[in-house]
Amino acid sequence: MPVPGELTFTVPRGAKKPPRHLADLTPAERRDAAAAIGEKPFRAGQVSRHYFARYAEDPATWTDIPAASREKLATELLPDLMSVVRHISCDGDMTRKTLWRLFDGTLVESVLMRYPDRVTMCISSQAGCGMNCPFCATGQAGLDRNLSTAEIVHQIVAAMRDLRDGAVGGAVRDGEPATGDGAGAAGRLTNIVFMGMGEPLANYNRVVGSIRRLTDPEPDGLGLSQRGITVSTVGLVPAMLRFADEGFKCRLAVSLHAPDDELRDTLVPVNTRWKVREVLDAAWEYAAKSGRRVSIEYALIRDINDQAWRGDRLGRLLKGHPVHVNLIPLNPTPGSKWTASRPEDEKAFVSAIAAHGVPVTVRDTRGQEIDGACGQLAAAER
């Protein structure tokens, strides 16, 4: 249900709805779906276990289900949603970007990043984006449509299967998954960030549904920790306040990109509706209700928003609040006038924020040689 004052988006005329999938449904709805095709309701729980706990979509492997029932259940509960167009890797195979083609031909992206102590996946919640931020490849492309809950969840399920099987980052040795140093990082997804294509809170119900599927215990969901999930927003204030009431322990990341309304109106056009202080007040509300520190995302753009005085203003706005600033050297899109800050300007910006006692780090840049910024690979394919 829309929140008063919230931005709403409509599906383009003639667009087809994604087929209903197990991950779109609650456990009770799955049992009803199984019963509707003449199967015992408990069969839905068996299919859920295969999908969420074993990542097994091929009904031929469901040996605990009678052969005569497998295809019916697969057709009803696990329709094909998306396929891999291609994987592209870099950073010594530690970063893998995937271009997906959805059932209707729409393209979206996800990125898997392995580190020594964790594996993070950046996922898409929309095909394209309607926020129109001028420095973002996805924003330049516009919004195609929202992803379904299952289309969001399936990005993670597929990655978890690849990680388990050692198919990511060269982690297969002699045809078997790698063991020893680094095998734990190669085999387990620890963090999910809704920072791929789209504005997650503009697809509110499906994003919230996907968080529930990701964190519900097996076999109803993937059994992941809410504390390992980060949801980003450009500042849709009514949706932020609604999200604060969900009772989640996810982290909220606010894509701020400017501490002053005059510049942010240009860089993040939704700021003409909800100003910087309104956005930050909603973020502090989320922090108070969730008990989680807010992340402030700030893309450093040369000669645009990287002046030391803006760093000082940002520090003044944030000091005394449960917050961490994540500075992002801009990954420029082809033909764009926007580019990353000079090293000396970046250093001065960091110092200006830190002078106010606000924690600040510069994000490790990954995937630049594989069109790592969200939307670049899909734009090139189109």
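It should be noted that the structure appears before, not after, this text.
Q: Account for the overall build of the protein, naming residues and giving values.
A: Each helix and strand in the protein was counted, giving 13 helices and 14 strands. Expressed as a percentage of its 382 residues, the buried residues of the protein come to 53%. Once local pairs closer than 6 in sequence are excluded, the contacts in the protein between residues at least 24 apart make up 67%. For the protein, the computed accessible surface area is about 16,200 Å², with 49% contributed by carbon and sulfur atoms.

Q: How would you summarise the nonpolar core if you had to cite specific residues and measurements?
A: Counting 101 residues, the largest nonpolar core has Ile-156, Phe-194 and Phe-243 as the members making the most contacts within it. For this core, the leading source of residues is helix H5 (residues 149-164), giving nine residues. Setting aside its immediate chain neighbours within four residues, Phe-194 contacts Ile-123, Ser-125, Ile-152, Pro-200, Val-207, Ser-210, Ile-211, Leu-214, Ile-229, Thr-230, Val-231 and Ser-232.

Q: Before we move on, can you summarise unusual backbone geometry with the specific residues and values?
A: Across the junction of Glu-218 and Pro-219, the peptide omega takes the value 5 degrees, indicating a cis bond. Assignment of secondary structure puts Pro-219 in the loop between helix H7 (204-215) and strand E10 (229-233). Phi is positive for Asp-93, close to 65 degrees, though the residue is something other than glycine. Tracing the chain through its elements places Asp-93 in the loop between strand E1 (82-90) and strand E2 (95-102). Accessibility expressed as a relative area gives 38% for Asp-93, which makes it partly exposed.

Q: Report on the sheet that holds strand E9 (residues 191-194), specifying residues and quantitative values.
A: In spatial order, the strands read E1-E2-E3-E4-E9-E10-E11-E12-E13-E14; together these ten strands make up an open sheet with mixed pairing. On the outer flanks of this sheet lie E1 and strand E14 (360-362), each paired with one strand and no other. Across the sheet, the mean angle from the axis of one strand to that of its neighbour is 20 degrees, orientation sign disregarded. In the sheet, E9 pairs with E10 via three bridges, with the strands oriented parallel.

Calculation rules
Note that residues are indexed from 1 along each chain, following the sequence as it is written. Local features in this predicted model are restricted to residues whose pLDDT is 70 or higher, and side-chain atom pairs enter the listing and the counts only when it is 80 or higher, whereas totals over whole chains, interfaces and linings include all residues. Think of the side-chain values as coming from all heavy atoms in the structure, minus any hydrogens and water. Numbered from the N terminus, helices here are DSSP runs of H or I no shorter than four residues, and strands are runs of E no shorter than two. Accessibility here uses a 1.4 Å probe with only protein chains present; expressed as a share of the type maximum, an area under 20% marks a residue as buried, one over 50% as exposed, and anything in between as partly exposed. Whether two residues are in contact is decided by their heavy atoms: any pair within 4.5 Å suffices. In these tables, accessible area is a Shrake-Rupley quantity obtained with a 1.4 Å probe, and a residue counts as shielded only by the protein chains included in the view. Definition of nonpolar core: a set of buried residues of the types Ala, Val, Leu, Ile, Met, Phe, Trp, Tyr and Cys, connected through side-chain atoms within 4.5 Å. At least two DSSP bridges between two strands are required for those strands to pair. Only the stretch in contact is used when a helix axis is fitted, and all axes are lines through C-alpha atoms; the angle between N-to-C directions ranges over 0 to 180 degrees.

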